[in-house]
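Working through the structure, step by step
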Amino acid sequence: MANRLEVILVSKKHNFLRNIRLPMIIIYILAAFLVTATTSTIVLFVNSTRRTFVRFHLTKVERQNRSLVTKLDSINIILKKAQDSFDQHITQDNRERTYWQMAHIHPDIWSMGIGGTQDEYRPQIANRSIERIINEIYESVDVLKGKYYLRQISLNDIHDQIEGNMYLWSHTPSVHPLPGCRICSGYGYRVDPIDRKVRKHWGIDIGAPRGTRISATADGVVSYAGWVGGYGWTVIIDHGFGFKTAYAHCQRILVRKNESVKRGQVIARVGSTGRSISPHLHYEVRVSGMKINPYKYISSSDIIFD
Ligand SMILES: [Zn+2]
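Please read these numbers as outputs of a predicted model, since none were measured by experiment.

So, how was this worked out
- In every chain, residue numbers begin from 1 and rise along the written sequence.
- Only residues with pLDDT of at least 70 are given local features in this predicted model, and only at 80 or more are side-chain atom pairs given and counted; all residues enter the totals for whole chains, interfaces and linings.
- By the criteria applied, helices consist of DSSP H or I runs no shorter than four residues and strands consist of E runs no shorter than two, each listed in order from the N terminus.
- Computation of the radius of gyration draws on C-alpha atoms alone. For the globule rule, the value is 2.2 Å times the number of residues to the power 0.38.
- For the purpose of contact definition, each residue receives a C-beta atom placed from its backbone, and two residues are in contact when these atoms lie within 7 Å.
- Buried Ala, Val, Leu, Ile, Met, Phe, Trp, Tyr and Cys residues whose C-beta atoms connect them within 7 Å together make up a nonpolar core.
- With C-beta atoms placed from the backbone, a residue is buried if 20 or more other C-beta atoms are within 10 Å of its own, exposed if 12 or fewer are, and partly exposed between those counts.
- What makes two strands pair is DSSP finding at least two bridges between them.
- Given the number of residues in a helix, its expected span is that number minus one, multiplied by 1.5 Å.
- Here an angle of 0 to 180 degrees is reported between the N-to-C directions of two axes, which are lines fitted to C-alpha atoms, with helices fitted over the stretch in contact.
- Working definition: roughly parallel below 35 degrees, roughly antiparallel above 145 degrees, roughly perpendicular at 65 to 115 degrees, and oblique for all remaining angles.
- It is the rotation of the near helix from the far one that decides the hand of a crossing: anticlockwise by less than a right angle makes it left-handed, clockwise makes it right-handed.
- Each residue is assigned to one class: nonpolar for Ala, Val, Leu, Ile, Met, Phe, Trp, Tyr, Cys and Pro, charged for Asp, Glu, Lys and Arg, and polar for all the others, Gly among them.

The number of helices and strands found in the protein chain is three helices and 14 strands. Taken over the C-alpha trace, the protein chain has a radius of gyration of 51 Å; the compact-globule value for 306 residues is 19 Å, which it surpasses by more than 25%. Within the protein chain, contacts between residues separated by at least 24 positions form 64% of all contacts whose residues are at least 6 apart in sequence.

With that settled, the discussion passes to the nonpolar core. Counting 27 residues, the largest nonpolar core has Ile 214, Val 235, Tyr 247, Cys 250 and Leu 281 as its most contacted members. Counting residues per element, the ones that place at least two in this core are β6 (204–207), β9 (232–240), β10 (243–253), β12 (266–270) and β13 (280–287). Per-element accounting of this core gives the leading share, six residues, to β10. Residues within four places of Tyr 247 in sequence aside, it is in contact with Pro 177, Ile 214, Thr 234, Val 235, Ile 267, Ala 268, Leu 281 and Tyr 283.

It is worth spelling out the pairing of strand β5 (residues 198–201) at this point. As paired strands, strand β4 (residues 188–191) and β5 are joined by four bridges and run antiparallel to one another. Counterpart to Val 191 in the pairing with β5 is Val 198. Connecting β4 to the next strand, β5, in antiparallel fashion are six residues, including Arg 196 with a positive phi near 65°.

Moving on: unusual backbone geometry. Look at Gln 101: it is not a glycine, yet its phi comes out positive at around 55°. Relative to the elements of secondary structure, Gln 101 occurs in the loop between α1 (24–99) and α2 (107–110). Among the residues examined, Gln 101 registers 8 C-beta atoms within 10 Å and is labelled exposed. One non-glycine residue, Ser 288, lies in positive phi territory at about 50°.

Bridge count between strand β8 (residues 220–228) and β9: seven bridges; the pairing is antiparallel. By the bridge assignment, Ala 225 is partnered in β9 with Val 235. Remark: three residues form the turn of the hairpin made by β8 and β9, two consecutive strands paired antiparallel; Gly 229 in that turn has positive phi of roughly 25°. Pairing analysis gives six bridges linking β9 to β10, with the strands arranged antiparallel. Across the sheet, the residue bridging to Gly 240 is Phe 243, located in β10. Remark: two residues form the turn of the hairpin made by β9 and β10, two consecutive strands paired antiparallel; Phe 241 in that turn has positive phi of roughly 55°.

To continue, consider helix α3 (residues 130–170). The terminal C-alpha atoms of α3 lie 59 Å apart, and with 41 residues this matches the ideal 60 Å at 1.5 Å per residue to within 8%. Considered for burial, the residues of α3 that qualify are Val 143, Lys 147 and Ser 154. For α3, the secondary structure elements touched by its buried residues are α1 and α2.

For the rest of this paragraph, the subject is the environment of Asn 94. Here Asn 94 shows up in helix α1. We classify Asn 94 as partly exposed; it has 16 C-beta atoms within 10 Å. In the structure, Asn 94 is positioned 10 residues away from His 104 in sequence and 5.7 Å away in space, judged by C-alpha atoms.

Checked against the element boundaries, Ile 8 lands in strand β1 (residues 4–11). Since 9 C-beta atoms lie within 10 Å of it, Ile 8 is described here as exposed. Measuring from C-alpha to C-alpha, the distance between Ile 8 and Leu 150 comes to 101 Å, with 142 residues separating the pair along the chain.

Another aspect to go through is the packing of α1 against α3. A pair of packed helices can be characterised by two numbers: the angle between their axes and the separation between those axes. Relative orientation of the contacting elements α1 and α3 amounts to 20°, with a least axis distance of 10 Å. By the angle between their directions, the pair α1 and α3 is classed as roughly parallel. Between α1 and α3 lies a crossing of left-handed hand. A breakdown of the residues in the contact of α1 with α3 according to their chemical character gives 15 nonpolar, five polar and seven charged.

For the rest of this paragraph, the subject is the environment of Asn 65. Residue position: Asn 65 is located in helix α1. Using a count of 11 C-beta atoms within 10 Å as the deciding quantity, one classes Asn 65 as exposed. When the C-alpha atoms of Asn 65 and Thr 38 are compared, they prove to be 40 Å apart, with 27 residues separating the residues in sequence.

Below is the structure:
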C-alpha cells in the first residue's frame, strides 16, 4: 500500500463500482505531465499575448513612420518648388544686370557647387530611409540659403551700379541751357558774322532776349566765372568724368568759382558781351579738352532751329 494509490470509481447511473490501485510512479508521471502541460500552456499564452502586443505596436510605429515619411516628403516637394521658383530670381537678376551693363553671375556660382542637374523628385520613397530624406532636406535648405544670400549680394552690387550710373547721368550734360529758345548758329565751319571769314564755330549759338536765365546743363563745380577775351562774361562748369560746359557772352554771372551747381540751376543771364553782335548764348561742350558738337548732349526734342 505504501507505493500504491487506491482509486475507487463509482457510477450510480451505470451501477458501477471499481477499485483501482495505481503505482505511485504513475501518479508522479501524471503529476509531472500536468505541471509541464500547464506551464507550457501559460508560457505559450504569455508569448502569444506578447507577440500580439508587439505586432500591434509595430503596426502603429509603421503607420507613424509612413506618416512621417509622407510629411517629410511634402517638405521636400515644397523645397523643390522653392528651388524651381528661384530660377525666376536668377532670370530677373540677369535681366537687371544686362540693363545696367553688368556681367552676369556664372550659372556654376548660382548652383552653389552642386554639379549637373538635380534628380527629379521621386514620389516612390518607401525604400528611402528617413535619415536620407532629412539629409536631402538639409541639403536643399543649405542651397536655398546660399542662393538667397548670393541674390542679396547681387542686388547690392546692382544698387551700387545704379547709384554710380545716376551720378554719371546727373554729371553728364544732357539738357538745353535755354529751354524753348532757338539755335541760330550750329557747330562747325561757318562764315563769321562779324568779319565774314570762314572759321570753325566751336559751339552753338542760342538766340534769346537779353537777361534770359541760363541754366547749368548738368551737376558740377564752377571752374571759371569771369571775362574771357572774345567770349565776354563766361561761366565754365567742370562736371567731372572729363566733361566741361562753357556759357559765353553773358550779361551777368550769378555763380562764383568753385561753387557747386545742380542741373537746371540758373548760373547767368543772356547778354551780348565779348565778340557778339546781338544777345545770345554761345554754348560749348568739352569732353577731355575737345570741343565737340553740343547737339549730342541735348535731347533732340529740345533742339529748335531758326
Ligand atoms: Zn558762338
